[in-house]
Amino acid sequence: MTKPLALFSLAFALSACGGASSNPPPADQVPDAGEQPEGEVDAGEVPYQDPGIPPPDPSIVYPAPPYGTAPGDTIHEIKLYGYADFSDPNSSWRPIALSDFYDPNGNRGPDGAPLKVMLVNVSAVWCSVCKLEAASLQAKCAAAKDNGLVCYTAIFEDSVYEPATRNDVNYWASTYGITYPIVLDRTFKWGEYFDENATPMNMFIDLKTMEILDIVMGYSDRDISLLIKCYTEGVCQ
């Protein structure tokens, strides 16, 4: 996927929420034990194929290291518990991994179309700017879904700067009508990619290669809209 010429820089933001400091945990491929409520079945025991997640393809192997945290780097696997589509009553609380959307062959989208790019939004309940973005993000994601956009939100802290809970994910998804994947990030795995004081973070990932395309800290409605159009339609300003 072709990157726009200096469309946005890593640290560009018109507005951002400040917050308490938090050290990111080591990156790994296993969901945190605390993110699976006691008594919940593992995803492997759930026969239902969640909407919003392509059917598994055992022939697809996630890109090998090296991994990095900046635009141009390959992102390592991140797996967290959440919902593929909170609005669907059959959608289960299950591990959702970046590899679920990796599409090197360009055929894992609707009707065999490619999944082009993932927009990763990382937010906290205390963040007023995050709420402003969430109010319009669902519509943006729905409008660009047929053009290969996959949206994904991670909630890492609650309203008093404590690690978020499943209730916070439920609140966020129901309040903003989210139908795309939303996950719980209690240990702030996404924190290695941005400064918490610049929450929210919006990252664009090329789903053909798992290359980080852009990281935008803070929120500007116009800028996110332009980046979505750039990466899904190739119309870059």
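Check the entry above for the structure.
Notes on the structure in this doc start here. Keep in mind that this is a model prediction, so the values were computed, not measured.

Rules of the game
- Residues numbered from 1 in each chain as written.
- Predicted model: local features only at pLDDT ≥ 70, side-chain atom pairs only at ≥ 80, totals over all residues.
- Heavy atoms only, no water.
- 1 Å grid on protein atoms, 1.4 Å probe; cavity = no way out; pocket = protein on both sides within 12 Å on 5 of 7 lines; lining within 4 Å.
- Points joined across faces, edges and corners; volume = space filled by probe spheres on them.
- Helix = DSSP H or I, 4+ residues; strand = E, 2+ residues; numbered from the N terminus.
- Nonpolar A, V, L, I, M, F, W, Y, C, P; charged D, E, K, R; others polar.
- Disulfide = S-S within 2.5 Å.
- Buried < 20%, exposed > 50% of the residue type's maximum accessible area, 1.4 Å probe, protein only.
- Contact = heavy atoms within 4.5 Å.
- Polar contact = N/O pair within 3.5 Å; in protein donor to acceptor, adjacent residues only side chain to side chain.

### As for the layout of surface pockets
- The volume enclosed by the largest pocket comes to roughly 370 Å³.
- Elements with a contribution of two residues or more to the lining of the largest pocket: helix H1 (128-144) and strand S4 (149-155).
- Residues belonging to the lining of the largest pocket are distributed by class as follows: 15 nonpolar, four polar and three charged.
- The calculated volume of the second largest pocket comes to roughly 280 Å³.

### Thoughts on the state of the cysteines
- Evaluation of the coordinates by the stated rule reveals three disulfides.
- At a sulfur-sulfur separation of 2.0 Å, the disulfide partner of cysteine 141 is cysteine 151. In this structure, the disulfide formed by cysteine 141 and cysteine 151 twists by about -90° around the S-S bond and is classed as left-handed. Here cysteine 151 lies in strand S4 and cysteine 141 lies in helix H1, a separation of 10 residues in the sequence. Judged on exposure class, the residue cysteine 141 and its partner cysteine 151 are both buried.
- Two residues share a disulfide in this structure: cysteine 230 and cysteine 236, whose sulfurs sit 1.9 Å from each other. For the disulfide bridge between cysteine 230 and cysteine 236, the dihedral angle about the S-S bond is near 80°, and by the sign convention the bridge is right-handed.
- Given a relative accessible area of 3%, cysteine 230 falls into the buried group.
- What makes cysteine 236 partly exposed here is its relative accessible area of 35%.

### Comments concerning the environment of threonine 232
- The topology assignment puts threonine 232 in helix H3 (residues 221-233).
- Those residues in contact with threonine 232 that lie beyond four places of it in its chain are Lys116, Val117, Asn147 and Leu149.
- A distance of 2.6 Å separates the side chain of threonine 232 from the backbone oxygen of isoleucine 228, its partner in a polar contact.

### Some points on the environment of phenylalanine 194
- Tracing the backbone through its elements, the reader meets phenylalanine 194 in the loop between strand S5 (182-184) and strand S6 (201-206).
- Once the C-alpha coordinates of phenylalanine 194 and valine 216 are considered, the two residues, 22 residues apart in sequence, prove to be 8.8 Å apart.
- Filtering out sequence-adjacent residues up to four positions away, phenylalanine 194 remains in contact with Val122, Phe156, Phe188, Thr199, Met201 and Met217.

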